[in-house]
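Close look at the chain arrangement
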Amino acid sequence: MAAGRLGILDFALMSTSLTRTVSFHALHRYYRPEWSENRNREVFGVLADPPGHGHDYRCAATVTGALSEWGTIVDLTLLDRILMEEVVTPLHGKHLNLEVPAFAYGRVLPTCEALAVYLFPRIAARLPAGVALDRLRIVEDATLYADCTGLD
């Protein structure tokens, strides 16, 4: 083989990544019920105000694996279905504190970091053999996002 030229078998041996992004709108509130209203306001500022505030979130799932004979890592139809069932359907249009038990008042605050940690294992468990979830990014707005890369 000439220098600088790779055949399809060479590509099949390379680890490659692919990222698919989905969007959802959800509300959340930073509020600890065991604290007074004043303490919540002191710590969280306006983020503690009822009923909460919304974001147009983006969730980017990056998967890795070897290329198939068709030049793909994963069937996009399958990846889209997983993201729809694990991210969009359960979270879109929801108040995270009120409708997602993991983020109920008194439990984990629904930060973008906590959302990434919450979603990572749900998506990873549904991927086919040979495909791994490398990174799950939750983007809250243009200035804030969190990445989860699994358990260390």
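Refer to the preceding data block for the structure.
Residues numbered from 1 in each chain as written. Predicted model: local features only at pLDDT ≥ 70, side-chain atom pairs only at ≥ 80, totals over all residues. Heavy atoms only, no water.

**Comments concerning unusual backbone geometry**
A cis amide bond links Pro-50 to the next residue, Pro-51, at an omega of 0°. Locating Pro-51 in the fold gives a position in the loop between α2 (37–44) and β2 (53–66). (Helix = DSSP H or I, 4+ residues; strand = E, 2+ residues; numbered from the N terminus.)

**As for the environment of Ala-116**
Topologically, Ala-116 is positioned in helix α5 (residues 112–124). According to the relative accessible area criterion, Ala-116 is buried, its value standing at 1%. Dropping the residues within four chain positions of it, Ala-116 is found in contact with Leu-136, Ile-138, Ala-146 and Cys-148. (Buried < 20%, exposed > 50% of the residue type's maximum accessible area, 1.4 Å probe, protein only. Contact = heavy atoms within 4.5 Å.)

**Topic: the pairing of strand β1 (residues 15–28)**
A regular strand places its side chains so that they alternate between the two faces of the sheet. In this sheet, β2 lies alongside β1 in antiparallel orientation, the contact comprising 14 bridges. Paired with Arg-20 across the strands is Ala-61, a residue of β2. Pairing geometry for β1 and strand β3 (residues 94–95), over two bridges, is parallel. Within β3, the residue paired with Ala-26 across the bridge is Lys-94. (Pairing = 2+ DSSP bridges.)

**Description of the packing of aromatic side chains**
Going through the model one piece at a time under the given rule, you end up with five aromatic pairs. Where Tyr-30 meets Phe-44, the ring centres are 5.8 Å apart and the plane angle is 70°; that geometry is what we call edge-to-face. One end of the pair, Tyr-30, is in the loop between β1 and α2; the other, Phe-44, is in helix α2, and 14 residues separate them in sequence. As far as burial versus exposure is concerned, Tyr-30 and Phe-44 are alike and both buried. Here the aromatic residues Tyr-30, Trp-35 and Phe-44 are joined through ring pairs into a cluster of three or more. Lying across the ring of Tyr-31, Arg-29 places its NZ or CZ 4.0 Å from the centre. (Phe/Tyr/Trp six-rings, centres within 6.5 Å; stacked < 30°, edge-to-face > 60°. Lys NZ or Arg CZ within 6 Å of the ring centre and 35° of its normal.)

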